[in-house]
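# Summary of the model geometry
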Amino acid sequence: MFFVAPALAFPAVGDKVVFDGTYTSPDGLVVVFTQTMEIVAFDASTEIFTFSNTFVSSGKPIQNTVTTPASEMVSDVKVREVLGGCEAAGGTIEDIRVPAGTFRTCRSSKQDGGTVWTADVPFGLVKQIYFDGEDRVEVELRGLHAGQ
């Protein structure tokens, strides 16, 4: 069974995603965390989005607020371009199952040796593996809510 979402227009105020993540260091340290991102405001006069970003690990939340120009946000149009040109850009179209469901994605390699799975969801990300030096970080989409 595949998760089939109606065509979403994003970014939009109210877009919210929740990721489950694992940070693993070469010495065996494993940290499990949750990351929640939600767009909380848009200033049409400056075309600036404001979103909250919350990390929770060991029950301790760390929250910050970030402002980003609309031109730098992942949009539904940009994601559909990635999906449409996936194979031409060296990626692979792949169905992937994560806690939030099963999604049609573009799987592509990152320069740091990691992998990213892009799909037609708010913020465009379904799964990502990346490296921070020798440390490995993996996140998977657990939940999402499309704003208005």
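First, a word on scope: everything that follows refers to the structure included in this document.

Cut-offs used in this document
- Residues numbered from 1 in each chain as written.
- Predicted model: local features only at pLDDT ≥ 70, side-chain atom pairs only at ≥ 80, totals over all residues.
- Heavy atoms only, no water.
- Pairing = 2+ DSSP bridges.
- Helix = DSSP H or I, 4+ residues; strand = E, 2+ residues; numbered from the N terminus.
- Axes fitted to C-alpha atoms, helices over the stretch in contact; angles between N-to-C directions.
- Contact = heavy atoms within 4.5 Å.
- 1 Å grid on protein atoms, 1.4 Å probe; cavity = no way out; pocket = protein on both sides within 12 Å on 5 of 7 lines; lining within 4 Å.
- Points joined across faces, edges and corners; volume = space filled by probe spheres on them.
- Nonpolar A, V, L, I, M, F, W, Y, C, P; charged D, E, K, R; others polar.
- Disulfide = S-S within 2.5 Å.
- Buried < 20%, exposed > 50% of the residue type's maximum accessible area, 1.4 Å probe, protein only.

## Points about the sheet that holds strand β3 (residues 48-57)
Strand order in the open sheet formed by 9 strands is β4-β3-β2-β1-β9-β8-β7-β6-β5, with antiparallel pairing between adjacent strands. Each having just a single partner strand, β4 (60-69) and β5 (92-98) make up the two edges of the open sheet. For this sheet, the mean inter-axis angle between neighbouring strands, taken without regard to orientation, is 25°. Each of β5, β6 (101-109) and β7 (115-118) is contacted by helix α1 (residues 76-84), which is oriented at about 70° to β6, the strand it contacts most.

## A closer look at empty space enclosed by the protein
With the rule as written, the count across this model stands at 1 cavity of 30 Å³ or more. Roughly 40 Å³ of volume is contained in the largest cavity. Lining the largest cavity are F10, P11, D15, I39, M73, V74, P122 and F123. Here the lining of the largest cavity is built from residues that sort into 7 nonpolar, no polar and 1 charged.

## Quick word on the state of the cysteines
This model, assessed by the stated rule, comprises 1 disulfide. The disulfide partner of C86 is C106, and the S-S distance across this bridge is 2.2 Å. Residues C86 and C106 are joined through a disulfide that is right-handed, its torsion about the S-S bond being 85°. In this pair, C86 sits in the loop between α1 and β5 while C106 sits in strand β6, placing the two residues 20 residues apart along the sequence. Assessed through its relative accessible area of 4%, C106 is described here as buried.

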